[in-house]
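Structural description and commentary
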Amino acid sequence: MAQDRDVAHFDRWSSHYDRSILQRFFFGPVQEATISEAAINARSIEVVLDVGCGTGQLLRRMAEQCPDAELVGVDPAPGMVKQAQAARPDGKHIDFVNGSVEKLPFPDAHFGLVLTTLSFHHWADQQQGLHEIRRVLRSGGLLVLTDILAARWLRWILARRPSEGRFNSPVVLDRMLKDQNLQTIRRASVPWRPQIKITLARAEG
């Protein structure tokens with residue numbers, strides 16, 4: 001499966017992932033924009049989950065802004081989790097767990113905020129992943145999902161690259177979210193990266 005290849009790819013990349021030039025010019029700005037949207041729109045930033053956390057850079061950024069928050073990251077690549085644990089700053093409430101979004105190892109209604117950046121198109125089962133996120137989100141909690149939302153022509157190009165996974169249109173993503181009682185409340189673009197959208201969805205029910 002493409003998703004299995006993706007996990008293996010990130011596992012191999014984990015030891016030098018933080019040294020990649022992409023951190024400064026791509027991943028870092030995407031994470032900062034995601035955190036900014038979360039800070040403005042979340043009702044609670046006390047208990048936070050980062051799905052597809054990689055080496056934990058987003059949560060380390062959040063720890064600087066929200067020092068009292070309980071921060072948890074989950075990633076299917078063991079190497080990424082190992083690097084995240086090694087880079088965890090002292091005195092911060094950050095935990096990193098190896099696991100998949102399709103079977104999150106957390107109790108129901110535990111988190112007030114769930115973040116995921118550029119991992120959605122790698123998920124083996126996007127609908128099941130959203131179902132699990134809704135399960136672990138409290139009612140009224142917020143999902144902030146940042147990923148490429150492609151127009152039809154771009155989806156056709158990307159679909160020819162199976163290792164890239166699946167890219168959805170905004171309409172399709174909103175429908176998938178609604179099917180899991182997650183109501184889209186806002187969508188924003190990452191500055192200078194118009195195809196990367198930040199979708200905010202509130203947990204209903």
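The coordinates are above.
Summary of the structure given here. (Residues numbered from 1 in each chain as written. Predicted model: local features only at pLDDT ≥ 70, side-chain atom pairs only at ≥ 80, totals over all residues. Heavy atoms only, no water.)

Looking at the packing of aromatic side chains
Taken as a whole, this structure holds 2 aromatic pairs when the rule is applied. Pairing Phe-106 with Phe-111 gives two aromatic rings, centres 5.3 Å apart and planes at 90°, and the pair type is edge-to-face. The exposure class of Phe-111 is buried, given its relative accessible area of 0%. (Phe/Tyr/Trp six-rings, centres within 6.5 Å; stacked < 30°, edge-to-face > 60°. Buried < 20%, exposed > 50% of the residue type's maximum accessible area, 1.4 Å probe, protein only.)

So, the environment of Gly-56
If you trace the backbone, Gly-56 turns up in the loop between strand E1 (47-51) and helix H3 (57-65). What makes Gly-56 buried here is its relative accessible area of 0%. Ignoring sequence-local partners within four residues, the contact set of Gly-56 consists of Ala-84 and Phe-96. (Helix = DSSP H or I, 4+ residues; strand = E, 2+ residues; numbered from the N terminus. Contact = heavy atoms within 4.5 Å.)

Some thoughts on the pairing of E1
Regular strands place their side chains on alternate faces of the sheet. For E1, the buried fraction is high: 5 of the 5 residues fall into the buried class. Along E1, one buried face is formed by Val-47, Leu-49 and Val-51 and the opposite face, lined by Val-48 and Asp-50, is buried too. Relative to strand E2 (residues 70-75), E1 runs parallel, the two being bridged by 5 bridges. The residue of E2 that forms the bridge with Asp-50 is Gly-73. Of the crossover connections in this fold, the one passing from E1 over H3 to the parallel E2 is right-handed. Here 4 bridges tie E1 to strand E4 (residues 111-117), and the two strands are oriented parallel to one another. By the bridge assignment for E4, Val-51 is matched with Thr-116. (Pairing = 2+ DSSP bridges. Right-handed = clockwise from strand over helix to strand, strands pointing away.)

Structural notes on the pattern of salt bridges
What the rule picks out here adds up to 6 salt bridges. For Arg-88, the salt bridge goes to Asp-95, with nearest N and O atoms at 3.8 Å. We classify Asp-95 as partly exposed; its relative accessible area is 38%. Between Arg-187 and Asp-174 there is a salt bridge whose closest N-O contact spans 2.6 Å. Here Asp-174 lies in helix H7 (residues 170-179) and Arg-187 lies in strand E6 (residues 182-190), a separation of 13 residues in the sequence. Among the charged side chains, a salt-bridge network with shared partners connects Asp-108, Glu-132 and Arg-135. (Salt bridge = Lys/Arg side-chain N within 4 Å of Asp/Glu carboxyl O.)

As for unusual backbone geometry
Excluding glycine, most residues fall at negative phi; most peptide bonds, likewise, are trans. Positive phi, close to 60°, is recorded for Asn-181, a residue that is not glycine. Given a relative accessible area of 44%, Asn-181 falls into the partly exposed group. Positive phi is not limited to glycine here, since Trp-192 has a value of about 70°. Mapping Trp-192 onto the fold places it in the loop between E6 and strand E7 (193-203).

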